[in-house]
Structure formats: structure tokens, C-alpha cells
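# Descriptive structure summary
What follows is each chain in one-letter form.
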Amino acid sequence: MLEFLKMGGYAFYVWTSYSFALILLGGVVLWSASQSRKVRVSAIRRAQQRRRKS
Amino acid sequence: MFQWIHRFGSAPFMYRLAGRLAPWLGGLCVLTLLLGLYLGLVVAPADYEQGESYRIIYIHVPAAWMSMFAYMVMAISSAVFLVWRLKIADVVAEASAPIGAAFTAVALITGSFWGKPMWGTWWIWDARLTSELLLLFLYLGYMALRGALDTPQGSARAAAILAVVGVVNIPIIHFSVEWWNTLHQPATITRMDGPTMHISMLRPLLLMVLAFQLLYFHNLMIRVRTLILQRESRASWVAELNPDTGH
């Protein structure tokens with residue numbers, strides 16, 4: 001396990017790369033999902049309120 | 001005969017289609033990602049020249065490919081929007097941009113972390129790296145333009161023109177290692193005489209490419225749904241939806 005984590009002495013380069021990928025790609029996915037939920041709730045509720053008024 | 005294509009121009013149809021596809025794409029993405037990472041990080045042997053540092057390839061190459069793929073989707077959608085005024089095409093282009101920018105940033109950063117132990121430098125202004133950096137600027141410029149002008153229609157049009165003009169950078173990125181004397185290594189997979197990579201290393205790489213493709217399309221479906229709701233908030237079909245589930 002320790003040998004795997006050491007990555008032949010390149011641990012800093014390999015694991016930092018994977019960490020950046022996780023942060024950036026995971027961040028985009030989470031941001032999209034969070035934005036989707038916010039917009040969905042507000043847009044649908046606004047549309048329903050508009051329909052009730054008319 | 002091709003009337004079914006017209007359905008893809010319908011906002012409610014695309015909204016529902018994206019909603020049905022997104023969970024499947026996400027699930028398949030997780031499975032292929034886990035399998036690709038296991039085969040790439042644990043099973044694949046070390047490289048005889050680069051040792052274990054070559055394992056950065058399993059995120060760097062898929063990210064670089066997807067950075068170009070996402071831009072092609074953005075450029076083609078923008079061209080469709082400009083020519084046929086199809087609003088859904090503009091939605092797809094706008095949805096694609098941040099995802100493509102993220103892939104480009106990952107490609108540049110992981111390339112840098114791979115370059116330092118291999119080339120002895122974090123960055124070099126060679127053709128491949130510089131054109132990939134230009135791609136990131138194109139993505140950022142596109143996203144900035146979308147919010148820059150007074151009218152949404154004007155912003156959409158200006159951004160679409162930038163996307164279409166910027167597509168010339170894609171073949172430059174791809175062929176840069178052949179046209180110029182670059183530090184970046186030439187292609188090992190997309191070659192006329194077949195890949196030069198051993199199957200034990202190639203298999204996880206192709207799995208990771210597939211995983212990144214699924215990630216892109218999953219995220220694209222979510223963003224397309226969000227943008228459709230934003231633009232169609234006054235439409236009657238939106239009022240029929242459940243705010244908690246979106247269906």
C-alpha cells in the first residue's frame with residue numbers, strides 16, 4: 001500500500017494531478033447540480049404563481 | 001422522413017430527454033471511472049522510461065481530448081444557432097462552455113505536473129501547450145461575452161461568432177506536434193499505423209476517455225435543463241412541473 005502511494009518517488013506529481021482533476025471536474029459537476037436545483041425550484045414556482053394569478 | 005429531428009428543437013422535449021438521460025450517464029460514468037482508475041493506477045505496469053509518473057496520462061490525455069471535443073460541440077452548436085437560429089443549439093453551446101473550460105484547465109495543470117519531472121520545467125511555450133492555453137482563453141472569452149452585452153440575443157450572437165472563429169485552434173492543437181518542433185511528445189494512439197501503447201496501458205486509458213465523455217454528457221444534460229428552465233420560465237409547460245423533482 002505504501003509503495004502504491006509513493007508512486008516510485010513521483011507521489012507529489014501524480015497525486016497532486018489527480019487532486020486537481022477531482023477538484024475542478026468534481027467542482028463543475030457540483031456547481032451544475034446546485035445551480036440546477038436553485039433554478040428549477042424558483043422557475044417552476046414563479047411559473048405556477050403566474051398561472052394562479054391569470 | 002426527417003421530421004423526428006425537429007423534436008430536438010423543442011424546449012420541453014429536450015428538457016425531458018435531458019432529464020431521462022442524465023442519471024444513466026452519471027451512473028455509467030461512475031462505473032467506468034472506477035474501473036479505469038483501478039486498471040490505470042493498480043493493474044497497469046510502470047513505464048520503462050517514466051516510471052510511475054506516466055500514470056498522470058490517465059487524466060491528462062482524456063482531459064485534453066475532452067477539452068477539444070467540448071469545444072467542437074460548442075462551435076458546431078454555435079454555427080447551427082447562427083445559421084438556423086435554433087435556440088436549443090445556443091443552449092447546448094452555452095452549457096458546454098464551463099465543462100470544456102474545466103477539462104482544459106485539468107489538461108494544462110496535469111500536463112504541467114507531468115512536465116516538471118519529465119522535462120525539468122513546469123511550462124514551456126511550445127506549440128501544443130500554447131495552443132491549449134489559447135483554447136482556455138477562448139472558453140473564458142466565450143463565457144465572458146455571454147454576460148457582456150446589453151441584450152441576451154446580442155451576447156449569444158457575439159459568443160457564437162467567437163466560438164465558430166476559434167474552432168481553427170482545434171486542428172492547430174491536434175497537429176502542432178507534427179507541424180512544429182515541440183517538446184510535447186507526438187501522438188501514440190491516434191496514428192495511421194495504430195497505437196504504440198501496450199494494451200495493458202491502453203485499455204485503462206480508453207476507459208478513462210469513455211468515463212470523461214460520460215461525465216461531459218451527464219453534466220451537459222444537467223446544464224441544458226437548467227438553461228432551458230431559465231429561458232422558458234414564462235412558458236405554460238414549466239408550470240406543469242414539480243419543483244422538487246423537476247419532472
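Residues numbered from 1 in each chain as written. Chains lettered and ligands numbered in written order. Predicted model: local features only at pLDDT ≥ 70, side-chain atom pairs only at ≥ 80, totals over all residues. Heavy atoms only, no water.

Residue and element names in this part refer to chain B. Mapping threonine 104 onto the fold places it in helix 3 (residues 87-119). For threonine 104, a relative accessible area of 0% corresponds to the buried category. At a separation of 2.7 Å, a polar atom in the side chain of threonine 104 contacts the main-chain carbonyl oxygen of glycine 100. If sequence neighbours within four positions are ignored, threonine 104 has contacts with Ser67, Glu132, Leu135, Leu136 and Tyr139. (Helix = DSSP H or I, 4+ residues; strand = E, 2+ residues; numbered from the N terminus. Buried < 20%, exposed > 50% of the residue type's maximum accessible area, 1.4 Å probe, protein only. Polar contact = N/O pair within 3.5 Å; in protein donor to acceptor, adjacent residues only side chain to side chain. Contact = heavy atoms within 4.5 Å.)

Okay, the packing of helix 2 (residues 57-84) of chain B against helix 5 (residues 152-166) of chain B next. Each packed pair of helices is defined by two parameters, the angle between the axes and the distance between the axes. Residue and element names in this part refer to chain B. At a minimum axis distance of 8 Å, the contact between helix 2 and helix 5 shows a crossing angle of 125°. One finds that helix 2 runs oblique with respect to helix 5. For the element pair helix 2 and helix 5, the recorded crossing hand is left-handed. Contacts from Tyr71, Met74, Ala75, Ser78, Ala79, Phe81 and Leu82 in helix 2 reach Ala156, Arg157, Ala160, Ile161, Leu162, Ala163, Val164 and Gly166 in helix 5. (Axes fitted to C-alpha atoms, helices over the stretch in contact; angles between N-to-C directions. Parallel < 35°, antiparallel > 145°, perpendicular 65-115°, else oblique. Left-handed = near helix turned anticlockwise from the far one by under 90°.)

Across the contact, 43 residues belong to chain B and 33 residues belong to chain A. Across the interface of chain B and chain A, roughly 3,300 Å² is buried in total on both sides, 73% from carbon and sulfur atoms. Here glutamate 240 of chain B ties to arginine 51 of chain A by a salt bridge, and the two come within 2.6 Å at their closest N and O atoms. Our count for the contact surface shared by chain B and chain A stands at eight residue pairs in polar contact (both at pLDDT 80 or more). In terms of residue count, helix 3 of chain B provides more of the side of chain B that touches chain A than any other element does, twelve residues in total. Of the residues that constitute the side of chain B that touches chain A, the class distribution is 26 nonpolar, ten polar and seven charged. (Buried area = accessible area lost by both parts, 1.4 Å probe. Salt bridge = Lys/Arg side-chain N within 4 Å of Asp/Glu carboxyl O. Nonpolar A, V, L, I, M, F, W, Y, C, P; charged D, E, K, R; others polar.)

Remember that the coordinates give geometry; whether it matters functionally is a separate question.
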